[in-house]
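Here is how the chains run, residue by residue.
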Amino acid sequence: MKLSLWLKTGGISARELAAEINTTEATISRLKNGHALPSMEMAGKIAEATGGAVTANDFLDLGPDSASIPGGGLDSARVLLIISGGIAAYKSLDLIRRLKERNCTLHVILTRAAEEFVTPLSVGALTGAAPHTDLFDARTEFDVGHIRLARESDLIIVAPATADLMAKMANGHADDLATAVLLATSTPVLLAPAMNPHMWSHPSTRRNVAQLKADGISVIGPNEGEMAEAGESGVGRMAEVPEILNALENVLGKAGAKPLEGQHVIVTSGPTHEPIDPVRYIANRSSGKQGHAIAAAAARAGARVTLVTGPVGIADPAGVDVIHVEAAAEMLKAVEGALPADIAIFAAAVADWRMAQLADQKLKKKPGATEMTLDLVQNPDILKLVSRGHKRPPLVVGFAAETQNVVENAKAKRRAKGCDWIVANDVAHERGVMGGEKNAVHLVMEQDIEDWPEMTKEQVAEMLIERVASAFSPAKASA
Ligand code: C5P
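Rules behind the numbers
- Residues numbered from 1 in each chain as written.
- Predicted model: local features only at pLDDT ≥ 70, side-chain atom pairs only at ≥ 80, totals over all residues.
- Helix = DSSP H or I, 4+ residues; strand = E, 2+ residues; numbered from the N terminus.
- Buried ≥ 20, exposed ≤ 12 C-beta atoms within 10 Å, placed from the backbone.
- Contact = placed C-beta atoms within 7 Å.
- Core = buried A, V, L, I, M, F, W, Y, C linked by C-beta atoms within 7 Å.
- Domains from an automatic or database assignment.
- Expected span 1.5 Å × (residues − 1).
- Pairing = 2+ DSSP bridges.
- Axes fitted to C-alpha atoms, helices over the stretch in contact; angles between N-to-C directions.
- Near = placed C-beta within 6 Å.
- Nonpolar A, V, L, I, M, F, W, Y, C, P; charged D, E, K, R; others polar.
- pLDDT = per-residue confidence, 0-100.
- Parallel < 35°, antiparallel > 145°, perpendicular 65-115°, else oblique.
- Left-handed = near helix turned anticlockwise from the far one by under 90°.

(A) Representation of the overall build of the chain. Summing up its helical and strand segments, the chain has 18 helices and 21 strands in all. Counting every position in the chain, which comprises 479 residues, the buried fraction comes to 43%. Of all intrachain contacts in the chain linking residues separated by at least 6 positions in sequence, the fraction that spans at least 24 positions is 69%.

Right under this line is the structure:
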């Protein structure tokens, strides 16, 4: 049984369990949420404390149900997974399971350091074949096996990709099996970096990543969040398995039909941050998950995608041109700069207001004053300006986050903004849409309104892009 379920269904509380096995509540919380794997010793203690209800195996099943995660476009792909040495290597075991579920032919290479984190035995048990570990392996190298591994794959994924491995790749080293294969291949490569935030932001790593991207290598993540090391957080967590599967699909470009081939799609996503002074800002709640999922789905449908995103803690989708902005004015400029487009989807939660006068020094508390007034002016309405502008794309889709009279408000908004469709979602507090994984939306069109059932944000994105593809005819673009 999963630890989270056991804690919920009448076991003891996370705090009591932590005390019983002599660890911290934060550690239990990370284990419970699938953000870390227990050591063998800790797994033994948990099994004992739960009377055998939660065993080590229960921690390996980390991802959501396979039906609800992406990756269908990878069916039967030949994938080479390279695991380098980082704590995030445990997530790669889940990645193996998901790829196997998609009938992928899988070869795995473990670097020397990776063997410190996952064993050849556990990888072999999941793939059904021994992983490759040695450049000079007499069993496989009689016919230069590393060159064969490099050639006989549709794509190569390195997860986790450590700072060290990326440095070697960026400089063309080939002193072990992983780097030799990576140098010998012309197969598309996706990296899922994972490392300490200081290592990720170090100028050397920045340089190496920029070089690798310039060499045509795709990168997914890393994400912002807690690190496995106690007390560390920042940008450095490996992308989650569904994100990696999504990115693999994009890299492979094998997600089936390409109904948006040749079309340019602009997507806005995330919040905007409107500075008050050098340290404070006004923002809406928005994780960017829905907008990013739409950008990824449009890319999978074959479109050239420009994603203009405000500050978010999630990874750039692979295969998409991303422009990072802070404030609404910058977002407008980036969108205008990206026009013309065939389709524009405005999913960003743009702040309605910004400071009339930006303070160039931090605003101080005035002695004795218990109130503070900010003078605000309205931000440009990007959706409205583009919908009514002379470079209007043939199809413009807006979003409306409402807490009441969802459909009625969305209908009025569609007319007021001048866009073609509004995707309306109910973000009343109890629904948990903000930052959550799921969404229940209504698609409000001129003639028709569709009520979609609750589904994941990825599924909403897929369905929206399907609707866009079937409604959008290239003839309209040239009209
Ligand atoms: O905030 P509001 O409910 O008006 O947002 C509806 C739609 O308008 C969303 O698609 C949002 O991305 C867009 N919008 C915008 N620029 C603004 C405000 C909203 O593009 N300043």
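(B) Geometry of the nonpolar core. With 121 residues, the main nonpolar core has Leu81, Ile157, Leu190, Ala192, Ile244, Ile294 and Ala298 as its most contacted residues. At 7 residues, helix α13 (residues 289-300) tops the list of elements feeding residues into this core. Taken domain by domain, the makeup of this core includes at least three residues from each of domain 2 (66-252) and domain 3 (264-355 + 374-478). Setting aside residues up to four positions removed in sequence, Ile157 forms contacts with Val79, Leu81, Leu190, Ala192, Ile244 and Leu248.

(C) Representation of helix α16 (residues 406-417) in the model. Across its 12 residues, α16 extends 16 Å between first and last C-alpha, which sits within 8% of the 16 Å expected from 1.5 Å per residue. Its buried side turned inward, α16 meets α15 (382-388), β16 (395-402), β17 (421-426) and β19 (441-444).

(D) How the structure looks around the sheet that holds strand β3 (residues 155-161). Here we have 5 strands laid out as an open sheet, ordered β2-β1-β3-β4-β5, and parallel in their pairing. In this open sheet, the two edge strands, each paired with only one partner strand, are β2 (105-110) and β5 (218-219). Relative to β3, strand β1 (residues 78-83) is paired through 4 bridges, and the arrangement is parallel. Paired with Leu81 across the bridge in β3 is Ile157. On the sheet, helix α12 (residues 241-252) packs against β3, β4 (189-193) and β5 and is oriented at approximately 150° with respect to β3.

(E) Examining the site of the ligand more closely. Surveying the vicinity of the ligand reveals 13 residues, the closest of which are Phe346, Val350, Ile382, Leu383 and Gly398. Of all elements in the fold, only α15 and β16 reach the threshold of two or more residues within the shell around the ligand. Tallying contributions element by element places β16 first for the shell around the ligand, with 3 residues. Its residues assigned to classes, the shell around the ligand shows 8 nonpolar, 3 polar and 2 charged.

(F) The sheet that holds β16, seen in detail. Here we have 8 strands laid out as an open sheet, ordered β12-β11-β8-β13-β16-β17-β19-β20, and mixed in their pairing. A strand with exactly one partner marks an edge of an open sheet, and here the two such strands are β12 (321-324) and β20 (449-451). The mean inter-strand angle of the sheet, taken between neighbouring strand axes irrespective of direction, is 15°. Across 6 bridges, β16 lies against β17 in parallel orientation. Paired with Val397 across the strands is Trp421, a residue of β17. Across the face of the sheet, α16 comes into contact with β16, β17, β19 and β20 while running at roughly 140° to β16.

(G) Region of the structure containing unusual backbone geometry. The omega torsion of the bond from Gly221 to Pro222 falls at 0°, within 30 degrees of zero and hence cis. Within the secondary structure, Pro222 sits in the loop between β5 and β6 (223-226). Note that the residue after Leu339, namely Pro340, is joined by a cis bond; omega there is 5°. Note that Pro340 resides in the loop between α14 (328-338) and β13 (343-346). One non-glycine residue, Asn405, adopts positive backbone phi at about 40°. In this structure, Asn405 sits in the loop between β16 and α16. Looking at Asn405, the number of C-beta atoms within 10 Å reads 12, which means it is exposed.

(H) The arrangement of the confidence of the model for the chain in detail. Mean pLDDT over the chain works out to 86, with 87% of the residues at or above the 70 mark. Taken together, the stretch residues 61-68 has pLDDT below 50 and engages in 11 contacts with residues farther than four places along the chain or on a different chain. A low-confidence stretch, residues 474-479 (pLDDT under 50), is modelled with 3 contacts involving residues beyond four sequence positions or located in other chains.

(I) Local environment of the pairing of β19. The sheet contact formed by β17 and β19 spans 4 bridges and is antiparallel. Each bridged residue has a counterpart across the sheet, and for Asn425 the counterpart in β19 is Val441. Here 3 bridges tie β19 to β20, and the two strands are oriented antiparallel to one another. Bridge pairing links Leu443 to Glu450 in β20.

(J) Layout of the packing of α13 against helix α17 (residues 457-471). Orientation of α13 relative to α17, taken along the N-to-C sense of each, is 45°, at an axis distance of 8 Å. With respect to α17, the axis of α13 lies oblique. Crossing geometry of α13 relative to α17 is assigned as right-handed. Touching Lys289, Gln290, Ala293, Ile294, Ala296, Ala297 and Ala298 of α13 are Lys457, Glu458, Val460, Ala461, Glu462, Leu464 and Ile465, all from α17. Residue classes in the contact of α13 with α17 are distributed as 9 nonpolar, 1 polar and 4 charged.

(K) View of the packing of helix α8 (residues 163-170) against helix α11 (residues 203-214). Relative orientation of the contacting elements α8 and α11 amounts to 50°, with a least axis distance of 9 Å. Judged by the inter-axis angle, α8 sits oblique to α11. For the crossing formed where α8 meets α11, the hand is left-handed. Facing Ala163, Met166, Ala167, Met169 and Ala170 of α8, the residues of α11 in contact are Ser204, Thr205, Asn208, Val209, Gln211 and Leu212. Broken down by class, the residue content of the contact of α8 with α11 amounts to 7 nonpolar, 4 polar and no charged.

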